[in-house]
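Now for the letters of each chain:
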Amino acid sequence: MNFNSLGLSDLILQSITDKGYTEPSPIQAQAIPAVLSGKDVLAAAQTGTGKTAGFTLPILQQISSKPRPKGKRKIKALILTPTRELAAQVGESVRTYGSNLDINSCIIFGGVSARPQISQIRAGVDILIATPGRLLDLQNQGIIDLGSLDTFVLDEADRMLDMGFIHDIRKINRVIPRQRQTLMFSATFSTEILELTKEFLDQPIYVQVAPRNTTAENVNQLMYRTPKSRKTALLKHLISTGNWDQVLVFTRTKHGANRLSDKLNRAKITSMPIHGNKSQNARVKALEGFKSKEIKVLVATDIAARGLDIKQLPHVVNFELPNVPEDYVHRIGRTARAGADGYAVSLVDQEEVKFLRSIERLLDQKIPEGKLSNFDFTVTKQDEEEPRRVNFNRGRKPFKKSPNKKNKTTRNKPTKR
Ligand code: AMP
């Protein structure tokens, strides 16, 4: 199959050729005609499947094929994403694929000054890519008018629910026209997602491709059983003996990411954490440093890592296993993209064996256990020493830790990341 048969204009096809794509990915082959039919679409697709072009190409087609009324441009399509990084990446795709068209797009997200975003919106925008918070903020101020919207996209809807955006999505739903086309993309289909579908979509066309990574064809998975307190030493050992130069490491918490990144830097392994508490600038800096290989190790939480388009990442390490098995699939999906080989290594302590088992059940395969003859797993006195603490609360009122909150994680309930 090639792109010519999908109903896209020559100008759009030209930008696809310029980008170097020769054939549509399976999700694109299904989603593009579905979106062009004008019906609502529910698509099961995760990052890495080419889903972004799956909705941006037909939206560009729809907007560019209609005559634009005179006067200021009105927002015709709204693409909602859970994170700033994803908004930036989707915005970039809209610009690339629409480079031959007379279409204005604008990306808005929080954590940066609203002023440049406001002036872009005031100048007139056809496609708006936004995270929920900033969108509502500017909408409440009367800066954004969504009254002429034709298409509403919820990208990574599952992640939006995980991040607690349901109320914001409902608020947005109340200020956009009822008569519109809604497209929802989600990597997983939980009960909540299906309920959301009933609430927002009308008799959708269902589009699904085999989740590429559940088979994990090109991902070499390996796990090491290790005491918790030997994990940092083991990670350092793997990085230095394997000469790994670009590693994405996952921790379950933001503090865990900060702590590990500090320890690696002290061991002269360049590292930066990336998570929701980091400013937009810090995240962009971390990502750029990582892509250019100035930073060897990016330590990320699941949410922050979601949607990062880092090509052909050779190594992913689960410093801690996720307690939601699907997250493991997302994590290892960061490696071996575009047909390249990749390695996903998990460091598993005694308490995490139960998570390992649920992951293996989901994948329906056993993750092979690695052996290391040149690493000593015995806990040393140094490992047991209390890690150096940074006082994040300096100058603030101390808060009391609720004893009930400790270890309150369950298998089905993701920890706050
Ligand atoms: P996405 O799943 O939208 O994040 O896309 C994942 C990656 O696949 C991005 O780097 C895209 O540039 C790339 N991509 C999307 N569609 C195609 C295609 N038809 N052929 C080759 N690469 C593609």
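In this text, all values refer to a predicted model and were calculated from it rather than measured experimentally. Numbers given to residues run from 1 along each chain, matching the order in which its sequence is written. The predicted nature of this model means local features are confined to residues of pLDDT at least 70 and side-chain atom pairs, given and counted, to a pLDDT of 80 or more, with totals for whole chains, interfaces and linings taken over all residues. Computation of side-chain values covers all heavy atoms of the structure but excludes hydrogens and water.

### Considering the overall build of the protein chain
Secondary structure is summarised from DSSP: a helix means a run of H or I of at least four residues, a strand means a run of E of at least two, and numbering begins at the N terminus for each. Tallying secondary structure elements over the protein chain gives 17 helices and 13 strands in all. Per-residue accessibility, obtained with a 1.4 Å probe over protein chains only, is compared with the maximum for each type, and a residue is labelled buried under 20%, exposed over 50%, and partly exposed between these values. Within the span of the protein chain, comprising 417 residues, buried residues form 53% of the whole. Sequence-distant contacts in the protein chain: of pairs separated by 6 or more residues, those separated by 24 or more amount to 77%. We get accessible surface area from the Shrake-Rupley algorithm with a probe of 1.4 Å; when it comes to residues, only the shown protein chains can shield them. Accessible surface, the protein chain: about 20700 Å² in total, of which carbon and sulfur atoms supply 48%. The contact rule is simple, with two residues in contact once any of their heavy atoms fall within 4.5 Å.

### Side note on the packing of helix 2 (residues 26-36) against helix 3 (residues 51-65)
Inter-axis angles, ranging from 0 to 180 degrees, are taken between N-to-C directions of lines fitted to C-alpha atoms, where helices are fitted over the stretch in contact. Where helix 2 meets helix 3, the closest approach of the two axes is 8 Å, and the angle between their N-to-C directions is 30°. Taken together, the axis directions place helix 2 and helix 3 in an arrangement best described as roughly parallel. Two packed elements cross with a definite hand, and for helix 2 against helix 3 that hand is right-handed. Residues Ile 27, Gln 28, Ala 31, Ile 32, Val 35 and Leu 36 of helix 2 pack against Lys 51, Ala 53, Gly 54, Leu 57, Pro 58, Gln 61 and Gln 62 of helix 3. Tallied by class, residues from the contact of helix 2 with helix 3 come to 8 nonpolar, 4 polar and 1 charged. The labels follow the angle: roughly parallel below 35 degrees, roughly antiparallel above 145, roughly perpendicular from 65 to 115, and oblique for the rest. Take the far helix as your reference; a near helix turned counterclockwise from it by less than a right angle gives a left-handed crossing, and one turned clockwise gives a right-handed crossing. Only Asp, Glu, Lys and Arg are considered charged, only Ala, Val, Leu, Ile, Met, Phe, Trp, Tyr, Cys and Pro nonpolar, and every remaining residue, Gly among them, polar.

### Structural notes on the sheet that holds strand 6 (residues 181-186)
A pair of strands is treated as paired once DSSP finds two or more bridges between them. The strand order 3-4-2-5-6-1-7 describes an open sheet built from 7 strands, whose pairing is parallel. Taken across any chain shown, the strands that pair with only one partner, and hence form the sheet edges, are strand 3 (105-108) and strand 7 (205-208). Here the strands of the sheet are splayed against their neighbours by 15° on average, with no regard to which way each runs. On top of the sheet, helix 9 (residues 191-200) reaches strand 1 (41-44) and strand 6; it is set at about 175° to strand 6, its chief contact.

### Focus: the packing of helix 8 (residues 166-175) against helix 9
Contact pair helix 8 / helix 9: the axes reach a minimum separation of 12 Å and the direction vectors enclose 10°. Looking at the two axes, helix 8 sits roughly parallel to helix 9. Where helix 8 approaches helix 9, its residues Ile 166, Ile 169, Arg 170 and Asn 173 are matched on the opposing element by Leu 196, Glu 199 and Phe 200. When the residues that make up the contact of helix 8 with helix 9 are grouped by side-chain class, the tally is 4 nonpolar, 1 polar and 2 charged.

### Things to note about the side chain of Thr 182
In this fold, Thr 182 is placed in strand 6. When neighbours within four sequence positions are excluded, Thr 182 is seen to be in contact with Asp 40, Val 41, Phe 152, Phe 200 and Leu 201.

### Here's the deal with the packing of aromatic side chains
Pairing of aromatic side chains here covers Phe, Tyr and the six-membered ring of Trp, requires ring centres within 6.5 Å, and sorts the geometry by plane angle: under 30 degrees stacked, over 60 edge-to-face, intermediate tilted. Inspection of every chain in the model, using the stated rule, returns 3 aromatic pairs. Their ring planes at 85° and their centres at 4.9 Å tell us that Phe 375 and Phe 377 sit as a pair that is edge-to-face. A relative accessible area of 10% means that Phe 375 is categorised as buried. We count a charge as sitting over a ring when the NZ of a lysine or the CZ of an arginine lies within 6 Å of the ring centre and within 35 degrees of the ring normal. One residue, Lys 231, lies across the ring of Phe 319, its end atom 5.8 Å from the ring centre. Above the face of the Phe 355 ring, Lys 354 is positioned so that its terminal group lies 4.9 Å from the ring centre.

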